[in-house]
Amino acid sequence: MIPALSPHPHHDGTMLDIVRAHAGLQPDHPAYAYLPELETGVVERLDYAGLMGRADAVAAALDRHFATRPDQPRMALLLFPAGLDFLVAFWGCLAGRVIAIPAAMPRPGRPATTLGALADNAGVGLILTAAGQGEAIGRLMAATPALAGLDLLSVDELVAQGTGRPVPAAPVGEDIAFLQYTSGSTSRPKGVVVRHRNLRANGLMIAEAMAMDRHLIGVNWMPHYHDMGLIGNLLQPLHVGGTALTMAPTTFLKRPIRWLRAISDARAVLAGGPDFAYRLCVERTSAEDAAGLDLSCWKIAFNGAEPVRATTIQGFCDHFAVAGFQPHAMYPCYGMAEVTLLAGGSRAGQGATLRTIAADALAQGRAIPPAPGQPSLTAVCSGWAPTGARLAVVDPATQHRCPDGTVGEIWVVGPHVADGYHNDPGATAAAFGARIAGPQADPGPWLRTGDLGYLLDGGIQVTGRLKEMMIVNGRNLYPHDVEDALRAALAEIRDAAVFAMVMPEGAGEGRERCVAVLELASSHRKLILQPDGETESSLQALARAARTVAAQSCELPLDHVRIALPGAILKTTSGKTRYGELRAQMRLLGDMIGKSPLSVGERRPRQEEA
């Protein structure tokens, strides 16, 4: 039995109903502000009344559009740069009972393969964008067959057309609010079907887990088409009547201090992102700049979407102690689009829960304290299931519950879990509707996350992805553990990706090999860009050092090391490594992987991914 959610005055309504109620009570209260890259630039603002007024106009105009196109699916692909226009369009879609499909704007000059596959899967017939983007989107549509026949409208057009017109009937819980496409393989995008009831349920869970109230101010830098950026940073503050400040992802990536100063200046209580964001803040913020901040206001510094590292938490707390940042503000969490957003969270105000685990035992799938002198690691707890939800760790082979401290697949159940993937019954059947078997059977229906982890005292520790785990001599190894060791030991690199791959026939006879891709640090790019007589020996020495670190730290024999320029390790919008695409790239090397222990990436700089 799933416990009931906490009582709430608008418990039976949708998140849209809640924001409307806030707009009625506090029409002039700031809802959103968009921060330009430069502090001296103009800040764009929307209060609650302005947001709802524009959203209702969009809803009315969209209703009129679909009335003239009865055969067109009532959905819209949202292609916007960072800014307030996207938010007006998104809330307008919710108000108009139009399924919103947030997506990333393709980079100029690059093929829109992912976007085309997404549009094809969705079956969408309409694109919404910002004024001024029409020409660029038009060229994109002409070059992408899946987009060629779609209608294109700007949000400004819709506001002008819909102002003063009647708004469609309000959505209900069973209506689909939006499709959240997961950032993974470019060939088969999967759109999670998020209904209004899912969004409302997870909104309640997040508000309670993070102790949010209407005084909340949050500062976001994450993309609006990513679940953490959209729900956690842009929708959730309005759910409690607060304010969301936002900036472009590139603004943060270029100058993390811009985000930190915004938190300090606005006296924000909520801000966060993936683990790499905290590392970037430490790497790119001088001690002098840190001393000029006041981060004592920051109460919830959430950290999720990729493995949460104890070293990252400690490094950030140490570096920004001078700015008044308090360790108890750290909030490791765990989630995914398939549960709307939050699946597990820390206890607000109590900081990160760290545990010392025996490294050898964890490699055998057991989390136990180390004996004196035994190798150990520090594990970060990603929190507990929020009210109204449950977490379980299950043996993926037997589908029986695992004992506490035993690694298995993480399963989730609750009203925040989506129904499945849009137009993908095979993937839906594989992930949704699972049942726990054995003596502690539970019909759920449970979501199979594909993540591995273990429970201790009810808290979940995530160890890696089921499909990425490497088994070497009977030991379970996770890519991020080896990658962390390489990054820590090799000053010449800035990032690493480690994975196993099965070689195609004729290039190793189907044998599995372990590969490491190393991205050179900026100071060492000349090894590829400006080769000289010493280059070959330097590259060979770096590859040998990588193999030594992997063998000594993790007992992993690396069959092949590829050294490349920054940008070679492909990432999702939340910082996760795209292992599948890296494998595909490495397979193109064919016999080289088996015949040579080293290869070098292309000798021209790549544009780094935002």
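First, a word on scope: everything that follows refers to the structure included in this document.

The rules behind the values
Residue indices begin from 1 for each chain and proceed along its sequence in written order. Local features in this predicted model are restricted to residues of pLDDT 70 or higher, and side-chain atom pairs are both shown and tallied only at a pLDDT of 80 or more, whereas totals for entire chains, interfaces and linings draw on every residue. Based on all heavy atoms of the structure, the side-chain values leave hydrogens and waters out of the count. Helix and strand definitions follow DSSP, with helices as H or I runs of at least four residues and strands as E runs of at least two, each counted in order from the N terminus. Only protein chains enter the area calculation, which uses a 1.4 Å probe; residues under 20% of their type maximum are buried, those over 50% are exposed, and those in between are partly exposed. Residue contacts are counted whenever heavy atoms from the two residues lie within 4.5 Å of one another. Residue exposure ignores everything except the shown protein chains as possible cover, and the areas themselves are Shrake-Rupley values with a 1.4 Å probe. By the counting rule applied here, Lys and Arg register as positive and Asp and Glu as negative, while His and the ends of each chain are not counted. Taken as the charge location is NZ of Lys, CZ of Arg, CG of Asp or CD of Glu. Think of each axis as a best-fit line through the C-alpha atoms, taken over the contacting stretch in the case of a helix, with angles from 0 to 180 degrees between the N-to-C directions. Every angle not falling under 35 degrees, over 145, or within 65 to 115 is termed oblique; those three ranges are roughly parallel, roughly antiparallel and roughly perpendicular. Working rule for handedness: look at the near helix, and if it is turned counterclockwise from the far one by less than a right angle, call the crossing left-handed; if clockwise, right-handed. Nitrogen and oxygen atoms within 3.5 Å of one another constitute a polar contact, given that in protein one can donate a hydrogen and the other can accept it, and given that sequence-neighbouring residues count only through two side-chain atoms. The set of buried Ala, Val, Leu, Ile, Met, Phe, Trp, Tyr and Cys residues whose side-chain atoms join them within 4.5 Å is what this entry labels a nonpolar core. Paired strands are those between which DSSP finds at least two bridges. Aromatic pairing here means that ring centres of Phe, Tyr or Trp (its six-membered ring) are within 6.5 Å. Orientation follows from the plane angle: under 30 degrees is stacked, over 60 is edge-to-face, and everything else is tilted. By definition, being over a ring means that NZ of Lys or CZ of Arg is both within 6 Å of the ring centre and within 35 degrees of the ring normal. Each residue gets one of three labels, nonpolar for Ala, Val, Leu, Ile, Met, Phe, Trp, Tyr, Cys and Pro, charged for Asp, Glu, Lys and Arg, and polar for the others, Gly among them.

Okay, the overall build of the chain next. The number of helices and strands found in the chain is 20 helices and 27 strands. Per-residue burial for the chain yields a buried fraction of 56% across its 610 residues. Across the chain, the fraction of contacts at a sequence separation of at least 24, relative to all contacts at a separation of at least 6, is 72%. For the chain, the exposed surface amounts to about 24,600 Å²; the carbon and sulfur share of it is 52%. Computed over 54 positive and 59 negative side-chain charges, the inter-centroid distance for the chain is 1 Å.

Across the interface, helix H1 (residues 15-25) lies against helix H3 (residues 84-95) with an axial gap of 10 Å and an inter-helix angle of 115 degrees. With respect to each other, H1 and H3 are oriented roughly perpendicular. Like other packed secondary-structure pairs, H1 and H3 cross with a definite hand, here left-handed. Across the interface between the two elements, Met-15, Leu-16, Val-19 and Arg-20 from H1 touch Trp-91, Leu-94 and Ala-95 from H3.

A separate point is the side chain of Thr-449. Position of Thr-449 relative to the elements: it lies in strand S20 (residues 442-456). What makes Thr-449 buried here is its relative accessible area of 9%. A distance of 2.7 Å separates a polar atom in the side chain of Thr-449 from the backbone oxygen of Ile-410. Looking at Thr-449, its side chain comes within polar contact range of the main-chain nitrogen of Asp-451, at 3.0 Å. In contact with Thr-449, not counting residues within four places along its chain, are Tyr-334, Met-336, Glu-409, Ile-410, Val-412 and Arg-465.

This paragraph deals with the nonpolar core. For soluble globular proteins, the rule of thumb is that nonpolar side chains tend to be buried together. With 124 residues, the main nonpolar core has Tyr-32, Trp-91, Leu-128, Trp-259 and Trp-298 as its most contacted residues. If you look at the next biggest cluster of nonpolar residues, it comprises 30 residues, including Ala-516, Leu-527, Val-561 and Leu-565.

Here Gly-444 and Pro-445 are connected by a cis peptide whose omega angle stands at 5 degrees. On the secondary structure map, Pro-445 appears in strand S20. A positive phi angle, near 55 degrees, is found at Arg-267, a position not held by glycine. Assignment of secondary structure puts Arg-267 in the loop between helix H10 (256-266) and strand S11 (270-273). Overall, Arg-267 belongs to the partly exposed group, its relative accessible area being 34%.

A few words on the environment of Asp-175. Here Asp-175 is to be found in the loop between helix H6 (155-162) and strand S7 (176-181). With 21 residues separating them in the primary sequence, Asp-175 and His-196 have C-alpha atoms 6.0 Å apart. Other than its neighbours up to four places away in sequence, Asp-175 contacts Arg-97, Arg-195 and His-196. From its side chain, Asp-175 meets the backbone nitrogen of Val-172 in a polar contact 3.0 Å long.

Time to look at the environment of Phe-320. Relative to the helices and strands, Phe-320 resides in the loop between helix H13 (310-319) and strand S13 (330-335). Those residues in contact with Phe-320, other than ones at most four positions away along the chain, are Leu-260, Cys-281, Val-282, Thr-285, Ala-290, Leu-293, Leu-295 and Phe-325.

Here the focus is helix H19 (residues 579-587). Those residues of H19 lying buried are Tyr-579, Glu-581, Leu-582, Arg-583 and Met-586. Where H19 is buried, its residues contact helix H16 (479-489), strand S24 (493-502), strand S25 (512-520), strand S26 (560-564) and helix H20 (592-595).

Attention now goes to the sheet that holds S25. Strands sit in the order S24-S25-S26-S27 across an open sheet of 4 strands; the sheet is mixed. Two strands bound the open sheet, and with one partner strand each, they are S24 and strand S27 (598-600). Recorded for the sheet is a direction-independent mean angle of 20 degrees between the axes of neighbouring strands. In this structure, S25 lies alongside S26, joined through 5 bridges in parallel fashion. When the sheet's bridge partners are listed, Val-515 is paired in S26 with His-560. Of the strands in this sheet, S24 and S25 touch H16, which is tilted by about 145 degrees from S24. Each of S24, S25 and S26 touches H19; the most contacted strand, S24, lies at about 75 degrees to it.

Strand order in the open sheet formed by 8 strands is S2-S1-S10-S9-S11-S12-S13-S14, and the pairing between neighbours is mixed. In this open sheet, the two edge strands, each paired with only one partner strand, are strand S2 (44-47) and strand S14 (342-345). Averaged over neighbouring strand pairs, the angle between their axes works out to 25 degrees when direction is ignored. Sheet strands touched by H3: strand S1 (30-34) and S2. Its angle to S1, the strand with the most contacts, is close to 140 degrees. Across the sheet, helix H8 (residues 227-239) lies against S1, strand S9 (217-220), strand S10 (243-246), S11 and strand S12 (300-303), angled at about 145 degrees from S10, the strand it touches most.

By the definition in use, this model includes 16 aromatic pairs. Each ring, one from Trp-298 and one from Phe-316, has its centre 5.9 Å from the other, and the planes form 90 degrees; the classification is edge-to-face. Here Trp-298, found in the loop between helix H12 (287-291) and S12, pairs with Phe-316, found in helix H13; they are 18 residues apart in sequence, far enough to count as distant. A relative accessible area of 1% places Trp-298 in the buried class. Taken together, the aromatic side chains of Trp-221, Phe-252, Trp-259, Phe-276, Tyr-278, Trp-298, Phe-316, Phe-320 and Phe-325 make up a single cluster linked through ring pairs. The positively charged end of Arg-347 is found above the aromatic ring belonging to Trp-384, 3.8 Å away from the centroid.

All right, on to the packing of H3 against H8 then. Orientation of H3 relative to H8, taken along the N-to-C sense of each, is 70 degrees, at an axis distance of 13 Å. Relative to H8, the element H3 lies roughly perpendicular. Of the residues in H8, those touching H3 at Phe-86, Leu-87, Phe-90 and Trp-91 are Leu-230, Leu-234, Leu-235 and Leu-238. Considered class by class, the residues forming the contact of H3 with H8 number 8 nonpolar, no polar and no charged.

From the geometry alone we can't say anything about function, so treat these as descriptive.
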